[in-house]
Amino acid sequence: MKTITAPYKIKGGVHPAYRKELAREQAIRTMPVPSLLRVSMAQHLGAPAKPLVKKGDTVLRGQRIGEPAGFISASVHASVSGTVKAVGPAPTASGAMAMAVDIEPDGNDTWLEQLTPQPNWSALDAKTLTGIVAEAGVAGMGGAGFPTNVKLSPPPDKPIDTLIVNGAECEPYLTADERLMRERPEQVWTGIAILRHILGAKIVRVAIEDNKPDAIRAMKKAMADAEGDVALVVLPASYPQGAEKQQIYGITGRETPSGGLPMDVGCLVENVGTCLAVQDAVVNGRPLTERVTTVTGDPVAEPGNVLNRIGTPYADLIAFCGGLRGSVAKVISGGPMMGFAQGSLDGATAKTTSGLLALAPGQAPVYESLACISCGRCVQACPMGLLPCELSQALEAEDYDLADAFHVMDCIECGCCAYVCPARRPLVQHMRTGKARIALKRREAMQKK
Amino acid sequence: MTTSDDKTTLYTVSSSPHAHSGASAACLMFDVIVALMPALLAAVYFFGFDAIRLVAVCVASCVGAEALCRKAMGRPVKTALVDLSAVVTGLLLAFNLPPSLPSWMAVLGSVFAIGIAKQAFGGLGYNPFNPALAGRAFLLISFTGRMTAWHAARLPERWSFGGLTADALTGATPLGMVKEAVRAGDPLPVAMDGATTVRFLLGDMGGCIGEVSALALIVGGLYLLYRRCITWHVPVCYLGTAAVFSAIHWMVDPAAAMPPHFHLLTGGLMLGAWFMATDMVTTPVTTRGLIVFGIGCGVLTMTIRIVAGGIYPEGVSFAILLMNAITPLINRATRPRLFGQRRKA
Ligand code: SF4
Ligand code: SF4
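Fair warning: this is a prediction, and the values are worked out from it, not measured in the lab.

Asker: Can you lay out the overall build of chain B for me, pointing to particular residues and giving the numbers?
Answerer: When helices and strands are tallied, chain B shows 16 helices and zero strands. Expressed as a percentage of the 345 residues in chain B, the buried residues total 54%. The long-range share in chain B, meaning contacts at least 24 apart out of those at least 6 apart in sequence, stands at 76%.

And the structure:
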């Protein structure tokens, strides 16, 4: 095991106020099970799961209540034992509608012992282990929610030699991953070792930003005896160090091709929370039913890192943290750079809910957008090498073909451009709309063929 | 189950990011105004009341023209005024005028700068040409005589320092005098010895009110760099190219050419390189584009100054305006490489 600094410098990026001090010294607290859980079928990237239960059914904790619907999809499990109160559409964090299962807990929290714990996992083959990960419904917990088992099954012509563990947590305010690394470094490392075993990856890199010295120390200790080409990579603190393609480049110098996936350059990136979920699934036989969410922001009375059941309503989560003080302008699922603004506290946590952030009115002003003054700051800030100013103008003019030619589909929606824009143009909003329209167009074109 | 339609929205819903650096167009413009203050002080010092008169007239008529145009076009007036860009245009236009220019001409120039060069194109952000330079070019073409009449700076005796007082030099611009001499085949009228260099650096010479003091302009430019309003690319490439160009000319033809520091310190070069060629709206957005822009300005300026016949001794304004015109092309040619797109083997 060695410690290195990131050998390659990523392009662009910004330095937003980190505000991690609100929650970083708060140890993970376990929240009691709320009176009702709403478990969404769309907690991962890809097709939403298909509900397997109906109103009135009784379920046990860890029981599968949603089955994957397609290759890129994931299982969903009941996060508590109890009775199904309703099955129906509900908005997800991003505002899209998806089926959700409301469960009223029975107070016993009985597990369905379905998966066999495998403390001697190293004796198992990759296929069996990947099967366990799939059974447990593990999906990327950093935010995107890519089903982990899909990532672990690359086609034979795309061998993966490098496993990167993302502990950058570059989103301001969020500290859940940092707490996991500080409090449970051994389990995180076991999860990493399992992933490494599955992939047969020669190189393992655990990436942490240099503003988390305690997490670096804890992980170093946990990894001390690791054999082979294992390194802890200290990244310079800047946003978006945690973006997948940027992180791969910063560590390996490999550029994921435009439109491609990390496996195209022999890499796989998993977030530390996901590694922990893999460990829990394999070693303890526990499907993914809970996660740590950072509940933070100045209006939150007692910010902290909360271990909550998946499907916990935001209102209960906030109440557990002492409620909100003063006036609140925005509530965001996730962090301030890429999170989704919520109109109310009616939503519930999902596998991807890394944070719940409340902002006071002064911290979330509504800006009037002006004409682009061609200052070029967005161009400097864009980590993908795009010209956000030009794209946004093309998209405002609804010239989707031009925007496509200018590679709007490569935008990772990191928000750096809008963060720096002095004309305060809603650049990311333009990119999102444009990407959705072009994706639709492409799908239509495919269907015609 | 409830859906989002039948519940009240308590909090603002908008697209990410939910954080902003705080930068605004008005902040940037305010910094430019601050950065122009040393040069304004120098202008008042060297040209007295005329400097105050021209600055007041230009700023007032630019702001007035901006308000009237917005009103006439039925667009919001307030948003256009609070960005302070009209104030900047007024200051820069005034800085580009000779001290003796009548006020009514300054008003005309301001109206052209704001009304035609800026608002007719749609306002801040849509204008292809630097409005202040467009205003100056308009005046130069319309009133060539008045725009090139340099009266002796009204340096009151008591303001003189270090033995430097107004003399024959301030009656014309150094660039103009050199040009005249070269055309007439006379020996060069200005010797760039140490004392003259210091005088030129401070701004003790004839010229437009805001362009004379290279020192004040450099101080302001460094402030802009420090505040990250501009990057180093344009000023360094512009001044560097001009220096190299004139150095070559000087080495080839020392009898008829002035040394590089003469060219850097005289005329509108400092004002142009720090404040006109760095105008965000009319210059490229890419880093490589800014380098091309700076070099292009340098080459064109020196070409006009040295090569193009003795019609007009100064080249900065037209060089920058020409480069403004090809800025869209420069942007297109200097796109950054897309992440993940391999360089063609
Ligand atoms: S254009 Fe997309 S990738 Fe580039 S900075 Fe903006 S959001 Fe990020
Ligand atoms: S940052 Fe905003 S104003 Fe500046 S070039 Fe980009 S879009 Fe235009």
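Asker: Just give me the short version of the interface of chain A and chain B, but keep the residues and values in it.
Answerer: At the interface, 70 residues of chain A touch 45 residues of chain B. Across the interface of chain A and chain B, roughly 4,600 Å² is buried in total on both sides, 59% from carbon and sulfur atoms. The largest contributions to the chain A side of the interface with chain B come from Glu255, Ile373 and Tyr419 of chain A, which together make up 14% of the buried area. Taken together, the connections running from chain A to chain B amount to two salt bridges. Put simply, Glu255 of chain A and Arg337 of chain B hold a salt bridge, and the shortest N to O gap is 2.6 Å. Connecting chain A to chain B are 22 residue pairs in polar contact (both at pLDDT 80 or more).

Asker: I'd like a description of the domain arrangement of chain B, backed by residues and values.
Answerer: A common way to express how large an interface is: the accessible area buried when the components associate. Residue and element names in this part refer to chain B. For chain B, the domain assignment lists domain 1 (25-147) and domain 2 (175-332). Here the C-alpha centre of domain 2 lies 21 Å away from the C-alpha centre of domain 1. If you look at the interface, domain 1 gives 35 residues, while domain 2 gives 34 residues. Carbon and sulfur atoms supply 74% of the area buried between domain 1 and domain 2, which totals about 2,800 Å² over both sides. Together, Asp31, Phe46 and Leu133 form the three largest contributors to the area buried by domain 1 at its contact with domain 2, with a combined 19%. Put simply, domain 1 and domain 2 have one salt bridge between them. Here Arg227 and Asp31 are joined by a salt bridge, their closest N and O atoms 3.0 Å apart. Taken together, the links from domain 1 to domain 2 amount to seven residue pairs in polar contact (both at pLDDT 80 or more). Ranked by residues supplied to the side of domain 1 that touches domain 2, first place goes to helix α1 (residues 25-47) with twelve residues.

Asker: Help me get a handle on the site of ligand 1, residues and values and all.
Answerer: Taken together, 13 residues lie near ligand 1, and Cys382, Cys411, Cys414, Gly415 and Cys417 of chain A sit nearest. Grouping the amino acids of the shell around ligand 1 by side-chain chemistry returns eleven nonpolar, one polar and one charged.

Asker: Please give an account of the sheet that holds strand β5 (residues 58-59) of chain A that cites residues and values.
Answerer: Sheets are built from strands paired through backbone hydrogen bonds, the pairs being either parallel or antiparallel. Residues and elements named next belong to chain A. If you walk across this open sheet you meet the four strands as β3-β9-β8-β5, and the pairing is antiparallel. Of all strands in the sheet, those bounded by a partner on one side alone are β3 (37-40) and β5. Bridge analysis of β3 against strand β9 (residues 97-105) gives four bridges, and the strand direction is antiparallel. Among the inter-strand pairings, Val39 is bridged to a residue of β9, identified as Val101.

Asker: Explain the environment of Pro426 of chain A to me, using residue names and the numbers behind them.
Answerer: Counting through the fold element by element, Pro426 of chain A comes out in the loop between α12 (416-420) and α13 (427-448). It is 9.3 Å that separates the C-alpha atoms of Pro426 of chain A and Glu368 of chain A, two residues lying 58 residues apart in sequence.

Asker: Tell me about the site of ligand 2, and please be specific about residues and values.
Answerer: Looking at ligand 2, the residues that line it are Cys372, Ile373, Ser374, Cys375, Gly376, Cys378, Cys389, Cys421, Pro422, Ala423, Arg425 and Leu427 of chain A. Along the lines of polarity and charge, the residues of the shell around ligand 2 split into nine nonpolar, two polar and one charged.

Asker: Tell me what's going on with helix α10 (residues 388-396) of chain A, and back it up with residues and numbers.
Answerer: All names here are of chain A. Listing the buried residues of α10 in full gives Pro388, Cys389, Leu391, Ser392, Ala394 and Leu395. Contacts made by the buried residues of α10 are with α9 (377-381), α11 (400-405), α12 and α13. Positive phi appears at Glu398, one or two residues downstream of α10, with a value of about 55°.

How each quantity is defined
- Residues numbered from 1 in each chain as written.
- Chains lettered and ligands numbered in written order.
- Predicted model: local features only at pLDDT ≥ 70, side-chain atom pairs only at ≥ 80, totals over all residues.
- Heavy atoms only, no water.
- Helix = DSSP H or I, 4+ residues; strand = E, 2+ residues; numbered from the N terminus.
- Buried < 20%, exposed > 50% of the residue type's maximum accessible area, 1.4 Å probe, protein only.
- Contact = heavy atoms within 4.5 Å.
- Buried area = accessible area lost by both parts, 1.4 Å probe.
- Salt bridge = Lys/Arg side-chain N within 4 Å of Asp/Glu carboxyl O.
- Polar contact = N/O pair within 3.5 Å; in protein donor to acceptor, adjacent residues only side chain to side chain.
- Domains from an automatic or database assignment.
- Near = heavy atom within 4 Å.
- Nonpolar A, V, L, I, M, F, W, Y, C, P; charged D, E, K, R; others polar.
- Pairing = 2+ DSSP bridges.

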